[in-house]
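Residue-level structure breakdown
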Amino acid sequence: MKNKIKAIITGSTGMVGEGVLHICLNNPNVENVLVINRKPCGITHPKLKEIIHKDFMDLTEIENQLVGYNSCYFCAGISSIGKNEEEFRKITYDLTLNFAKTLVKSNSQMVFTYVSGTGTDSSEKGKIMWARIKGKTENDLLKLPFKDAFMFRPGYIQPIKGLKNSYKIYKITSPLYPILEKFFPKHVITLEELGNSMINITQNGYEKKVLENVDMRKIGNIY
C-alpha cells in the first residue's frame, strides 16, 4: 500500500488551487491538507488545516508548521497583465523559489508540483516576458533537492461546477467545453483531471518532469 499523501497547497483562494483542494479533500489517498493563504479560503473539513500568512517572502513565523508533509501543490500565481517585468518576476519567481527553498529544508522527501502554463519558455530567452520568467521558475525549481518535482503546463482549464472561485468568463466558455475538447484535445483539461494527475504523480511518479495537457490528462483519468 502506498503512503498516504500529506499535502501543502497554495493558491486555494483562486480557481485552480480551490479545485485541487476540493479533489484532495475527496480523495482517500490524501490523509491531510495544509493550505497557506493571505485570506481565509472559507472551507472547513476534517482533513484540512489553514494558516493565514501575509508575507510569503518571509516564512520564518510559520516555518516550524511546514514540517512532515510529502507533497506540495503550488497553485498560487498572478496574471502578467498590467505588470512590468520586475513586478511579475518578484511574485512569480522570487516568491515561489523562496517558498520552495523553505519547504525543502525540512521536507527532503517531498514531491513538489508547480502549476505554470502552456507556452512557458524553458530557454528563458524568448521575447514573451511572462513565458521567460515562468521558464526560469520551472528550471530553478527542478534544481532543488526535492525527492521529485514536476512542472504542470495546463492550457484552458474547465472549472469544477459548484466551486466559487471560477472567473466570470467561464460562465460563457464552460458550456463550450465539449466543442473545445473535440477540436482542441491537446490544449484543454478539466480541473478534476488536473487535481487527479497531481495526486497520481505524487504517488507513482512520471517519466517527464515538465507535463503538458496530454500528459496531465493521461494520468488524471486513472482514478
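Our subject is the structure listed above.
Residues numbered from 1 in each chain as written. Predicted model: local features only at pLDDT ≥ 70, side-chain atom pairs only at ≥ 80, totals over all residues. Heavy atoms only, no water.

Our focus in this paragraph is the overall build of the protein. A count of helices and strands for the protein gives seven helices and nine strands. For 223 residues, the compact-globule estimate of 2.2 N^0.38 gives 17 Å, and the C-alpha radius of gyration of the protein, at 17 Å, lies within 12% of that figure. In terms of its C-alpha atoms, the protein occupies a principal-axis envelope of roughly 45 × 40 × 35 Å. Across the 223 residues in the protein, those meeting the buried criterion constitute 50%. In the protein, the share of contacts with a sequence separation of at least 24, taken over all contacts with a separation of at least 6, comes to 68%. Separation between the mean location of the 31 positive side-chain charges and that of the 22 negative ones in the protein comes to 4 Å. (Helix = DSSP H or I, 4+ residues; strand = E, 2+ residues; numbered from the N terminus. Rg over C-alpha atoms; globule rule 2.2 N^0.38 Å. Buried < 20%, exposed > 50% of the residue type's maximum accessible area, 1.4 Å probe, protein only. Contact = heavy atoms within 4.5 Å. Lys, Arg positive; Asp, Glu negative; His and termini not counted. Charge placed at Lys NZ, Arg CZ, Asp CG, Glu CD.)

This part takes up the pattern of salt bridges. Applying the stated rule across the entire model yields 10 salt bridges. Lys208 serves as the salt-bridge partner of Asp215, at 3.1 Å between the closest nitrogen and oxygen. What you see here is one network of salt bridges that share partners, running through Lys136, Asp140 and Lys143. (Salt bridge = Lys/Arg side-chain N within 4 Å of Asp/Glu carboxyl O.)

Moving on, we get to a nonpolar patch on the surface. On the surface, a cluster of nonpolar side chains totalling about 420 Å² of accessible area is made up of Leu176, Ile179, Phe183 and Phe184. Topologically, Ile179 is positioned in helix α5 (residues 177-183). (Patch = residues over 30% accessible without salt bridge, like charges linked within 9 Å, V, L, I, M, F, W, Y side chains within 5 Å. Areas by Shrake-Rupley, 256 points an atom, 1.4 Å probe, with all protein chains shown as cover.)

This paragraph deals with helix α3 (residues 129-141). A rise of 1.5 Å per residue sets the reference length of α3, with its 13 residues, at 18 Å; its end C-alpha atoms lie 19 Å apart and thus fit the reference within 8%. Of all the 13 residues making up α3, 10 are buried; the element is thus mostly covered by neighbouring parts of the structure. Of the residues making up α3, those classed as buried are Met129, Ala131, Arg132, Ile133, Lys134, Gly135, Thr137, Glu138, Asp140 and Leu141. Close packing links the buried residues of α3 with α2 (85-106), β5 (111-115), β6 (148-152) and β9 (210-211). (Expected span 1.5 Å × (residues − 1).)

Before going further, it helps to examine the nonpolar core. Counting 37 residues, the largest nonpolar core has Val16, Val33 and Tyr73 as the members making the most contacts within it. With seven residues, the top contributor of residues to this core is helix α1 (residues 15-25). Those residues within four positions of Val16 in sequence are excluded, and the remaining contacts are Cys75, Val115, Ile157, Leu191 and Leu194. Membership of the second largest hydrophobic core comes to 29 residues, among which are Ile51, Phe99, Phe112 and Leu144. (Core = buried A, V, L, I, M, F, W, Y, C linked by side-chain atoms within 4.5 Å.)

Attention now goes to the pairing of strand β1 (residues 5-10). Across the six residues of β1, five count as buried, placing the element largely inside the fold. As paired strands, β1 and strand β2 (residues 30-37) are joined by six bridges and run parallel to one another. Bridge pairing in β2 places Ile8 opposite Leu34. Sheet topology places β1 next to strand β4 (residues 71-74); four bridges connect them, and they run parallel. Note on β4: the bridge partner recorded for Ile9 is Tyr73. (Pairing = 2+ DSSP bridges.)

This part takes up the sheet that holds β5. Across the sheet, which stays open at both edges, the seven strands sit in the order β3-β2-β1-β4-β5-β6-β9 with parallel pairing between neighbours. Pairing within the sheet leaves two strands with one partner each, and these edge strands are β3 (48-52) and β9.

The tally for this structure, following the rule as stated, stands at six aromatic pairs. With a centroid separation of 5.5 Å and an interplanar angle of 65°, the aromatic rings of Phe74 and Phe99 are classed as edge-to-face. Here Phe74 is found in strand β4, whereas its partner Phe99 is found in helix α2, with 25 residues between them in sequence. For Phe74, a relative accessible area of 0% puts it in the buried group. The class for Phe99 is buried, based on a relative accessible area of 0%. Chaining the aromatic ring pairs together yields one cluster made of Phe56, Phe74, Phe99, Phe112, Tyr114 and Phe146. Arg38 extends its terminal NZ or CZ atom over the ring of Phe56, reaching a point 4.8 Å from the ring centre. Over the aromatic face of Tyr93 sits the side chain of Arg89, whose NZ or CZ is 4.7 Å from the ring centroid. (Phe/Tyr/Trp six-rings, centres within 6.5 Å; stacked < 30°, edge-to-face > 60°. Lys NZ or Arg CZ within 6 Å of the ring centre and 35° of its normal.)

Contact geometry of helix α6 (residues 191-204) with helix α7 (residues 213-220) gives a least axis separation of 7 Å together with a crossing angle of 75°. Judged by the inter-axis angle, α6 sits roughly perpendicular to α7. Residue-level inspection shows Glu193, Leu194, Asn196, Ser197, Asn200 and Ile201 of α6 in contact with α7, the latter providing Met216, Arg217, Ile219 and Gly220. (Axes fitted to C-alpha atoms, helices over the stretch in contact; angles between N-to-C directions. Parallel < 35°, antiparallel > 145°, perpendicular 65-115°, else oblique.)

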